[in-house]
Amino acid sequence: MARQIRFNAFDMNCVGHQSPGVWAHPRDRSYKYKDLDYWQDLGRTLERGVFDGIFIADVIGYYDVYKNSLSHALEQAAQIPVNDPLQLVAPIALATEHLGIGITASTSFEHPYTFARRLSTADHHSKGRLGWNIVTSYLESGAKNIGQGGLRRHDNRYEVATEYVEVLYKLLEGSWEEGAVLRDAGKRIFTDPSKVHEIEHKGKYFEVPGYHLCEPSPQRTPVLYQAGASGAGKAFAAEHAECVFVAAPIKQVLKSYVAEVRRLAAEAGRDPRKILTYTLVTVIVDETDAKAEAKFREYQQYASYDGALVFMSGWSGIDFGQYAPTDLVKKVETNAIVSVVDHLAGGSKAWTIEELARWGGIGGLGPVFVGSASTVADILQEWVEETDVDGFNLAYAVTPETFEDVVNLLVPELQKRGVYPTSYRPGTLREKLFGEGSYLPSSHPAAAYRDIEAVKRPRGRGDSRGSAPSRRSVMRDGRAHSAVA
């Protein structure tokens, strides 16, 4: 049986997401990002194309590394202005029945107690179609504007993230037991108080003594996405993520990344085949190769040199505005996205600044595949077979045109080959993706917190109160895989 290919739409609640300057194209509608009907129409299109979901990126902060100024980011709408992603869940959910809705939120900028309520609410509103992309953030501007003075060091941000998700697991998985909500009108008891528990978390970075504010949502914990490609990021993904996103410029880099994440997941006691990997690409497809090439050249006419370097400077932490177009990219130690610097300066190709801007003008850090549906389908199948990646995170050049072309031309070709789904599985997003229960499986770290009273029970000298016991000692038979009634 041919290997199945999966798609997510990669978008953001802004104008210039991954193709800076192309908002000026006459057919681009990204300026309508403020309108809910725009997002609902896009959701319907993606659901018609049987996409796993729409993955909505986000940043807290702005791109002011390039030439030490925000001016080019503002001129080119390079992810500014940008609106909140979580508020798109409800309207997209109302317009669709199956589409997953993944939102990005940072462990660096929002307290886990209040964020847990926002997650549960969105999972309720979407009837269990929510995913959370766990990021630690990379923009100094964001940290400065919430009073932190600046970002923590890269690996320390993952240390904070590890405790952050522990707090969320305690709140979402353990605070309210199964059956806590009775809704017994006869006895006038809505919730059984004996089945709702304080989590009593007291850690290095967070102190959360009390109860989760929400009753359990359809998935309890939303599907967990993660996009870290550094050593610390891959280790975190292997421990916690169910879907992993990567931006790999070539197959060799992607193959190595996928293999390492799967190896680390197996070492963490998880099934490596139950972690879905998606790589960032932009697809320009038309009825023929010639038409697709002409469309790509048309798009390139609108791409912004400065806008591309705004992104590259922000992602890497290197001000590329200080170099001439013919200078080579060199490795500089920064506190931004470590993997970006490694890929650009440590790979087999020597990049000039001009080449870097041209590469990033359409689609950001991922490759661009151009051709007829047959040509692009061949490329996608080749990448899946040679790298072991599960699917593709599709960025747009012109929206919604890029996504409509994929749905109308590419998806039918892949379906004809038997390598792309023709319908959705029933149930929550987790059930659609993995074909099992609505809840995280027993092999996931979150399962250790389902019996919160066992977690809080003292376990001997040297054990800190509130740390997780062994997963097996606190599992309740069947609960990890049970579907919500």
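None of the values given here were measured: they were computed from a predicted structure.

Caption draft 1: Layout of unusual backbone geometry. With omega at 5°, the peptide bond leading from I80 into P81 counts as cis. Relative to the elements of secondary structure, P81 occurs in the loop between α2 (71-75) and α3 (89-95). With an omega of 5°, the peptide bond between T399 and P400 qualifies as cis. The topology assignment puts P400 in the loop between β13 (391-395) and α14 (401-416). Non-glycine residue A77 carries a positive phi angle of around 55°. Tracing the backbone through its elements, the reader meets A77 in the loop between α2 and α3. Given a relative accessible area of 10%, A77 falls into the buried group. Even without a glycine there, the phi angle at K127 is positive, about 55°. Checked against the element boundaries, K127 lands in the loop between α4 (112-125) and β4 (130-135). Residue classification places K127 among the exposed residues on the basis of a relative accessible area of 68%.

Caption draft 2: Representation of the confidence of the model for the chain in the model. Averaged over all residues, the pLDDT of the chain is 88; the fraction at 70 or higher stands at 88%. Here residues 334-339 scores under 50 on pLDDT; set against residues more than four positions off or in separate chains, the count is 24 contacts. Confidence drops under a pLDDT of 50 for residues 460-466, and excluding neighbours within four residues, the segment shows seven contacts in the predicted structure.

Caption draft 3: Structural view of the packing of aromatic side chains. By the definition in use, this model includes 18 aromatic pairs. Centre to centre, the rings of Y38 and W39 are 5.2 Å apart; their planes meet at 80°, and the pair counts as edge-to-face. Put simply, the rings of F10, F55, Y225, F245 and Y278 touch in pairs and so form one group of aromatic residues.

Caption draft 4: View of the nonpolar core. One finds F7, F51, I54, W132 and F392 to be the most contacted residues of the largest nonpolar core, which totals 88 residues. A per-element tally of this core places helix α6 (residues 154-174) first, with 10 residues. When sequence neighbours within four positions are dropped, the list of residues in contact with F7 reads F51, D52, G53, L380, F392, L394, V406, L410, V411, L414 and Y420. Residues M12, Y225, A308 and W351 belong to the second largest nonpolar core, which totals 36 residues.

Caption draft 5: Layout of helix α13 (residues 373-387). The end-to-end C-alpha distance of α13, which contains 15 residues, comes to 21 Å, matching closely the 21 Å that a straight helix rising 1.5 Å per residue would cover. Of all the positions in α13, only A373, V376, A377, L380, Q381, W383, V384 and T387 are classed as buried. Along the axis of α13, the buried positions cluster into a sector of 160°, meaning they face one direction only. Those residues of α13 that are buried are in contact with β1 (6-12), α8 (251-267), β11 (276-286), β12 (368-372), β13 and α14. Phi turns positive, to about 75°, at D388, one or two residues after α13.

Caption draft 6: Spotlight on the packing of helix α1 (residues 36-48) against α14. Contact geometry for α1 and α14: axes closest at 9 Å, N-to-C directions at 25°. In terms of orientation, α1 lies roughly parallel with respect to α14. The two elements α1 and α14 cross, and the hand of that crossing is left-handed. Along the contact surface, α1 presents L42, T45, L46 and R48, while α14 presents F403, E404, V407 and N408. Residue composition of the contact of α1 with α14, grouped by class: four nonpolar, two polar and two charged.

Caption draft 7: Expanded view of the pattern of salt bridges. All chains considered together, the criterion is met by 31 salt bridges. Between E173 and R450 there is a salt bridge; the shortest N-O distance is 2.9 Å. With E173 in helix α6 and R450 in the loop between α15 (429-434) and α16 (452-456), this pair connects stretches of sequence that are 277 residues apart. Taking relative accessible area as the criterion, R450 reaches 2% and is therefore assigned buried. Taking the shortest distance from any N to any O, the salt bridge between E242 and R430 comes out at 2.8 Å. Here the residue E242 occupies a position in the loop between α7 (231-240) and β10 (243-246), and R430 occupies one in helix α15, the gap between them amounting to 188 residues. The buried category is assigned to R430, whose relative accessible area is 2%.

Calculation criteria
- Counting restarts for each chain, with residues numbered from 1 along the sequence as it is written.
- Confidence filtering applies because this is a predicted model: local features only for residues at pLDDT of at least 70, side-chain atom pairs given and counted only at 80 or more, and all residues used for totals across whole chains, interfaces and linings.
- Hydrogens are left out, water is left out, and the side-chain values use all remaining heavy atoms of the structure.
- Only runs of H or I of at least four residues qualify as helices and only runs of E of at least two qualify as strands under DSSP, and these elements are numbered from the N terminus.
- Only protein chains enter the area calculation, which uses a 1.4 Å probe; residues under 20% of their type maximum are buried, those over 50% are exposed, and those in between are partly exposed.
- Confidence scores per residue from the predictor, reported as pLDDT, run from 0 to 100.
- Any two residues whose heavy atoms approach within 4.5 Å at even a single point are treated as in contact.
- Two aromatic rings from Phe, Tyr or Trp, using only the six-membered ring of Trp, form a pair when their centres are within 6.5 Å; if the ring planes differ by under 30 degrees the pair is stacked, by over 60 it is edge-to-face, and anything between is tilted.
- Grouping buried Ala, Val, Leu, Ile, Met, Phe, Trp, Tyr and Cys residues that are joined through side-chain atoms within 4.5 Å yields what is termed a nonpolar core.
- Expected helix span is computed as 1.5 Å times (number of residues minus one).
- An arc is given here, and it is the one of the directions from the helix axis to the C-beta atoms.
- Helix axes are fitted to C-alpha atoms over the stretch in contact, other axes to C-alpha atoms as well, and angles between N-to-C directions run from 0 to 180 degrees.
- Angle categories: roughly parallel below 35 degrees, roughly antiparallel above 145, roughly perpendicular from 65 to 115, and oblique for all the rest.
- Two helices cross in a left-handed way if the nearer one is turned anticlockwise from the farther one by less than a right angle. They cross in a right-handed way if the turn is clockwise.
- Gly counts as polar in this scheme, as do all residues outside two lists: the nonpolar Ala, Val, Leu, Ile, Met, Phe, Trp, Tyr, Cys and Pro, and the charged Asp, Glu, Lys and Arg.
- Basic side-chain nitrogens of Lys or Arg form a salt bridge, by our definition, when they fall within 4 Å of a carboxyl oxygen of Asp or Glu.

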